[in-house]
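Okay, here's what each chain looks like letter by letter:
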Amino acid sequence: MASSTGTPSGAGSARVLVVGAGPVGLTAAHELARRGLRVRLVDGAPGPARESRAVAVHPRTLETFDQMGVVDGVLARGRKNRAFTMYARGSRLVRLDADYAAMPTRFPYSLIIGQAETEHVLREAVARLGVSVEWGVRLASFEQDHDRVRTRLEHPDGTTEEYEVPWLVGCDGGHSTVRKQLGLPLLGESSETWALADAPVSTDLPPDTIYWVHTGSQALMMVPYQREGYWRLLDTAPGAQPGDAARRFSEKLGAGLGRPVRVGEPEWTSVFTFQQRMVPRMHDGRCFVAGDAAHVHSPASGQGMNTGIQEAYNLAWKLAMAARGQAGRELLATYGQERVPIGKALIGSTRKATFLVQFKNALAGFALPVVFTFVRTIGPLRRAIQRKVLGGMSGLLLSYGDSPLSTADPLMGLPAGVRAAAAADRRGDPGSEALRAELRDTRWSLVWEAGGPGEVGVATAAAAARAHGAWLSVRAVVDGPGDGRPGDGLGDGPGDGPGEAAADLGGPRALGDPQGVLRRALGLRPGGWLLIRPDGYVAAGGASLTRRALARALAPLGPQAALPDGAPDGAPDGDPADPGAAGTVPVLNPASTAPPGLRDTVEVPPRVLEATR
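(A) Here's a closer look at the overall build of the chain. What the chain contains, in helices and strands, is 15 helices and 27 strands. Here the chain holds 613 residues, and 57% of them are scored as buried. Taking contacts inside the chain between residues at least 6 apart in sequence as the whole, the part at least 24 apart equals 74%. About 24000 Å² of surface is accessible on the chain, with carbon and sulfur atoms providing 53% of the total.

Encoded structure:
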């Protein structure tokens, strides 16, 4: 077998090797490249998949795609779904319409779109950043030390390549080579056998909702694609007998819906036994896993791809900061500290969803009409169920409040760990639109209400902008239009007030909120501030922006994020008026099961993250 060593033509000196070009790997590659890292993206498959395992992109993932700048391309290819309709033994039980009143978002729906279509949009996006997928290139093996990862790649022509890279990200699916060679066990159990099909369906059902259909002995689901007349079909009890899939789906759906249904020849079918498993950690030295490489579970709630995309985004900004020397490697420990507990919670929620979707109880056909008569007629009960179901599926309630990166303050406008995108839900409002644009920035965001008294906030904001402008966007919320010029609109007029001082010091750019909608949504009062992570979650905040308070919030990033020595005017170190003066500044404790020179893995995180449900 021939062998080659080095970097393939056009790849440059890659800093990160991403293995797997599905939606998770594409997201990781996109966000790493968007932050200036050279990325090599390989996949052992001969080309893009034509079939679609996942078919739903939920609201939080749409918000993430918006931050990435790709949401318009995704929306153009999908169908917006705002309802869930249930049938049993020929009768409609209830229609549950989407209710996001308690979870504000610009995307109050799930988007029905085939995974292949989502991948197409992401491939185009990474290509615009100079990253192309190397199809047919398989990761055969690798080893790592303190400085690098040495990989062995196999090419379609039979040649092998020895390739060194500082970082390796495994997004290579349920049979992940990266996970196996790291020795990460996939813990859990096998579960049910289900069948999927993509097929044309002749029915008079309106394609504006997902349908759950119970025949009296088993359940099915129907999900309408944007393509006219085509549906994703799911059978929770396909049986062992071979035969005509179209006929079986037609008969079962007709029995459950109480009307004729004709299912045409499927374009794709799959019968599979799904797993409910996950890894105990997601990070080993210079290697990481994400997506199905880290967890596999039931498709009942459509969470797998969405969770993997969130993981890739979470990892990419942290890895980029560490690789560029903007944060310490202790930041990388927070990837597992934040995401492993979410994976555990997801396994539990999908197990419940699997039970509810298949509903095998023999009395189900008789009990369901009685139960859902109450649900349909009692408004508060129906709305509570709608919000409970949507909250679990949407991803909007996930929070990092217990993350080491979150610094709580009772005077912050929003709780630490929640998503800031909820404040950008008002389409057309200048403040909301300004925040939406700010969240597309690859950097952290320090958002400060510039109307407070004194010069302390001005000096602190200016110092932060000067010291960390490469990775920290400092914005002052003002009443004016906020065209982004440094210092514009911060004072009452030329040379008057704190705006001119901030501009002279290279201070924050203005973020216009002429109607005050954004400040109310963020809970910002004059002088208040919020620190927002690159993935859009609130890390810290307070009623007054001081050097010590901001230093405390940035401390978990490591010494690279320290502010310059010297306190701003009016706030000497240790000033009791400074709300951040008391106590010690927290730092991360990267727990490890191996020498710290090699591994930063997380076995038992010092602080436990729980997903808010």
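Additional details are given in the paragraphs that follow.
(B) The arrangement of the confidence of the model for the chain in detail. Considering every residue of the chain, the mean pLDDT works out to 83; 78% of them sit at 70 or more. pLDDT under 50 marks residues 485–505. Its contacts with residues more than four places away, or in other chains, come to 33 contacts.

(C) How the structure looks around the pattern of salt bridges. Enumeration over the complete set of coordinates arrives at 34 salt bridges. Of the charged contacts, one joins Glu31 and Arg34 as a salt bridge, the two residues approaching to 2.8 Å between their closest N and O atoms. Highlighted residues: Glu31 and Arg34, both in helix H1 (residues 23–34), separated by 3 residues, approximately one helical turn. A salt bridge links Arg106 to Glu433; the nearest nitrogen and oxygen atoms lie 3.2 Å apart. With Arg106 in the loop between strand E7 (91–97) and strand E8 (110–112) and Glu433 in helix H11 (residues 430–439), the pair connects residues that are 327 residues apart, well separated along the chain. Of the residues examined, Arg106 reaches a relative accessible area of 5% and is grouped as buried. One continuous salt-bridge network, built from bridges that share partners, spans Asp66, Arg106, Glu433, Arg436 and Arg440.

(D) Looking closely at the sheet that holds strand E25 (residues 509–512). With mixed pairing, 5 strands are arranged side by side in an open sheet as E25-E24-E23-E26-E27. Looking along the sheet, the strands with just one partner apiece sit at the ends: E25 and strand E27 (538–542). Neighbour-to-neighbour, the strand axes of the sheet open up by a mean angle of 25 degrees, direction not taken into account. Pairing of strand E26 (residues 529–532) with E27 involves 4 bridges; the strand directions are antiparallel.

(E) Structural detail: the sheet that holds strand E21 (residues 287–289). One open sheet holds the 6 strands; their spatial order is E9-E3-E2-E13-E21-E20, and the pairing between them is mixed. Two strands close off the open sheet at either side, each with one partner strand: strand E9 (133–135) and strand E20 (283–284). Where strand E3 (residues 39–43) and E9 come together, 3 bridges link them in parallel fashion. The residue of E9 that forms the bridge with Val42 is Glu134. Along the sheet, H1 makes contact with strand E2 (16–19), E3 and E9, crossing E3 at roughly 170 degrees.

(F) Geometry of the packing of H1 against helix H4 (residues 115–128). Across the interface, H1 lies against H4 with an axial gap of 9 Å and an inter-helix angle of 20 degrees. As summarised for this structure, H1 and H4 are arranged roughly parallel, according to the angle between their axes. Like other packed secondary-structure pairs, H1 and H4 cross with a definite hand, here left-handed. In this structure, H1 uses Pro23, Leu26, Thr27, Ala29 and His30 to contact H4, whose residues at the interface are Gln115, Glu119, Leu122, Arg123, Ala125 and Val126. Here the residues of the contact of H1 with H4 sort into 6 nonpolar, 3 polar and 2 charged.

(G) Summary view of the nonpolar core. Membership of the largest hydrophobic core comes to 101 residues, with the highest contact counts inside it found for Phe65, Leu319, Trp444, Leu446, Trp529, Leu531 and Leu557. Tallying contributions element by element places helix H7 (residues 304–323) first for this core, with 12 residues. Counting 21 residues, the second largest nonpolar core, distinct from the first, contains Ala56, Ala219, Met221 and Phe272.

Basis of the calculations
- Residues numbered from 1 in each chain as written.
- Predicted model: local features only at pLDDT ≥ 70, side-chain atom pairs only at ≥ 80, totals over all residues.
- Heavy atoms only, no water.
- Helix = DSSP H or I, 4+ residues; strand = E, 2+ residues; numbered from the N terminus.
- Buried < 20%, exposed > 50% of the residue type's maximum accessible area, 1.4 Å probe, protein only.
- Contact = heavy atoms within 4.5 Å.
- Areas by Shrake-Rupley, 256 points an atom, 1.4 Å probe, with all protein chains shown as cover.
- pLDDT = per-residue confidence, 0-100.
- Salt bridge = Lys/Arg side-chain N within 4 Å of Asp/Glu carboxyl O.
- Pairing = 2+ DSSP bridges.
- Axes fitted to C-alpha atoms, helices over the stretch in contact; angles between N-to-C directions.
- Parallel < 35°, antiparallel > 145°, perpendicular 65-115°, else oblique.
- Left-handed = near helix turned anticlockwise from the far one by under 90°.
- Nonpolar A, V, L, I, M, F, W, Y, C, P; charged D, E, K, R; others polar.
- Core = buried A, V, L, I, M, F, W, Y, C linked by side-chain atoms within 4.5 Å.

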